[in-house]
Amino acid sequence: MYKEKTILALIPARGGSKGLPRKNIRPLLGKPLIAWTIEQAKASKYIDRIVVSTDDEEIAEVAKQYGAEVPFIRPKELARDDSPTIDAVLHALEFFSEKGEKFDLLALLEPTSPLRDVEDIDRGIEFLINSEDAESIVSVCKLEGAHPEFNVIIDKKGFIKKALDGTSTFKVLRRQELKDVYFFEGTIYISKIPSLLRKKTFYHDKTLAHIVPRWKALEIDEICDLLCAEALVKAEQEGILK
């Protein structure tokens, strides 16, 4: 059933990064950051093509060395600090459409989330294909230490207000009384392509959740994230993390 679907893995990796310069090819335990994501995609039972979208020639060469395709160089106007990732996704789909190449699903795999494993990718694909109503699936992680009920804002006079509704009606709640809340993180984004072209987003009323543990939700934006990722990878390899 799954192999009746053609699946494109797209890895976005622009050259510019202010928080951690050249982060997409920074070494993580001796291997460029982007290589971790390429190898995870290569291990998938379902992905047919692995394509890196980049504006940077050096990143393109590294991606090719690890087995990804780089059939185009992303235009500079789609690789600025404020360029939405969805624009790079749509650009890639347009490139393949013009060549007469079509896919059923697109899996967006960000290189800044190297702690995913192939099971995250394959389970996400299976979950989406097996759902009649769903059009996309994104990864989320449970908020453990900063539930919105405990968040406040500070008004102009210095008084605290509830962040959720701006009131001062505080009630002491035990964590057991609170509903589980999740945040978006970057492990997987997978969508049926007709929906993606129509809605131009992975997030909508037909989006499923793929829940990942807190340690997988680390995203590489600064040097401290990279150092934490190294420790977490070692812990996983030693069987400490499950």
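Details of the structure are given in the entry above.
Note that the structure is predicted; figures quoted are calculated from it, not measured. (Residues numbered from 1 in each chain as written. Predicted model: local features only at pLDDT ≥ 70, side-chain atom pairs only at ≥ 80, totals over all residues. Heavy atoms only, no water.)

Student: Teacher, can you tell me more about the environment of F72 here?
Tutor: Residue position: F72 is located in the loop between α2 (57-65) and α3 (85-98). For F72, a relative accessible area of 8% translates into the label buried. Distance in space between the C-alpha atoms of F72 and D55 is 8.8 Å, their sequence separation being 17 residues. Those residues within four positions of F72 in sequence are excluded, and the remaining contacts are V51, S53, T54, H91, A92, F95 and F96. (Helix = DSSP H or I, 4+ residues; strand = E, 2+ residues; numbered from the N terminus. Buried < 20%, exposed > 50% of the residue type's maximum accessible area, 1.4 Å probe, protein only. Contact = heavy atoms within 4.5 Å.)

Student: Just to check I follow, could you spell out the sheet that holds strand β4 (residues 49-53) for this structure?
Tutor: Backbone-to-backbone hydrogen bonds join strands into a sheet, with any given pair of strands oriented parallel or antiparallel. Here six strands make up an open sheet; going across it, the order is β4-β1-β5-β9-β6-β10 and the pairing mixed. The sheet is open, and its two borders are formed by β4 and β10 (207-211), each paired with just one other strand. Taken over all neighbouring pairs, the strand axes of this sheet differ in orientation by 30 degrees on average, direction set aside. Bridge count for strand β6 (residues 136-142) against strand β9 (residues 182-192) is six bridges, and the pairing is antiparallel. The residue of β9 that forms the bridge with V138 is Y189. (Pairing = 2+ DSSP bridges. Axes fitted to C-alpha atoms, helices over the stretch in contact; angles between N-to-C directions.)

Student: Any chance you could explain α2 here in plain terms?
Tutor: Note that an α-helix has 3.6 residues per turn; residues three or four places apart therefore point the same way. Looking only at α2, the buried set comprises I59, A60, V62 and A63. Viewed end-on, α2 has its buried residues packed into an arc of 165 degrees, placing them on one side of the element. Every exposed residue of α2 that faces more than 90 degrees away from the buried side is listed here: E57 and Q65. Close packing links the buried residues of α2 with β3 (31-32), α1 (33-42) and β4. (Arc of directions from axis to C-beta.)

Student: Which parts of the structure should I look at to understand α3?
Tutor: Here α3 spans 20 Å end to end across 14 residues, near enough to the 20 Å set by a 1.5 Å rise per residue. Listed in full, the buried residues belonging to α3 are I86, A88, V89, L90, H91, A92, L93 and F96. Contacts from the buried residues of α3 go to β1 (7-12), β4, β5 (105-108) and α5 (193-199). One or two positions beyond α3, positive phi appears at G100, with a value near 80 degrees. (Expected span 1.5 Å × (residues − 1).)

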